Amino acid sequence: MSTLTYAVRDSMTMLRRNLKHALRYPAMTFSVVLMPVMLLLLFNYAFGGALGAGISGAPAGGGGYIDYVAPGIILMAATSGAVATAVGVCVDMTEGIVNRFRTMSISRAAFLTGHVVGSLLQTLVGVALVIGVALTIGFRPDASLVEWMAATGMLTLLILALTWLAAGMGLVARTPESASNTPLPLTFLPFLGSAIVPTDSMPTGLRWFAEYQPFTPVIETLRGLLMGTGIGSSGYLALAWCAGLTLVGYLWARSAFGRTAKR
């Protein structure tokens, strides 16, 4: 076998290991999946009337505020898997299993690849659940098959970027508790974007931050694809942010994993 074949085989083994862990210890997975669902229900039923009445940027002809907020909550579901990734990587590092892996004939790339791909698949399942709940409570997207595929691709690229960043966080964290706290800004940063309300309704300083932070162009691209509204330059900005964050996260995780081998 070639070196690449060995790496792929070992990565698949690590992927199966992480998926089995998720099935055997589902508490973290459930918390990651249920939080976006609870936020969706909360903002639609508790705050939807007040917030929706003041949103001029909500998609016309739809189901009201749910059509505006659902894409933002779907993106939050895409960010929620970062916590599970950071904790999973940190637990493996602190319990010593990685040291055992290093004594075995296993590709060095397999450990991180298994965690990242496993988290990617779990988070996509969570996103699908949030979309299902949103459709049940009145979300009515106006997207064609191609637009759905584009939206899925955008979410997948975002999840991949955040998962690599979270893997780096897990590698540098000293305890699983600190690893669970480090990715929280990634989860709540969409609140300071256009996920819940349009940026033009915010004070000047906050509006400037909201318009230029990474999640706002992704939210606007996702909303445009699903609701048939204009995307403008948001699509290019979203792709650039996702690609840049993926590269930064991958390089950081690889570097951090290399440093742990020298301890």
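Residues numbered from 1 in each chain as written. Predicted model: local features only at pLDDT ≥ 70, side-chain atom pairs only at ≥ 80, totals over all residues. Heavy atoms only, no water.

Draft legend 1. Highlighting the overall build of the chain. Looking only at helices and strands, the chain has twelve helices and zero strands in total. Walking the chain from its N terminus toward its C terminus, one meets helices and strands in the order α-α-α-α-α-α-α-α-α-α-α-α. For the chain, whose C-alpha radius of gyration is 19 Å, the value lies close to the compact-globule estimate of 18 Å for 263 residues. For the chain, buried positions account for 47% of its 263 residues. Accessible area of the chain: about 12,800 Å², with a carbon and sulfur share of 67%. Counting 16 positive and 10 negative side-chain charges, the chain places the centres of these two groups 18 Å from one another. (Helix = DSSP H or I, 4+ residues; strand = E, 2+ residues; numbered from the N terminus. Rg over C-alpha atoms; globule rule 2.2 N^0.38 Å. Buried < 20%, exposed > 50% of the residue type's maximum accessible area, 1.4 Å probe, protein only. Areas by Shrake-Rupley, 256 points an atom, 1.4 Å probe, with all protein chains shown as cover. Lys, Arg positive; Asp, Glu negative; His and termini not counted. Charge placed at Lys NZ, Arg CZ, Asp CG, Glu CD.)

Draft legend 2. Focus on the side chain of T216. Within the secondary structure layout, T216 lies in helix α11 (residues 215-227). Apart from residues lying up to four places away in sequence, T216 is in contact with G193, S194, T199, A210 and E211. (Contact = heavy atoms within 4.5 Å.)

Draft legend 3. A look at helix α2 (residues 27-46). The end-to-end C-alpha separation of α2 is 27 Å, in line with the 28 Å expected for 20 residues at 1.5 Å each. Among all positions of α2, only V32, V33, P36, V37, L39, L40, F43 and N44 are buried. (Expected span 1.5 Å × (residues − 1).)

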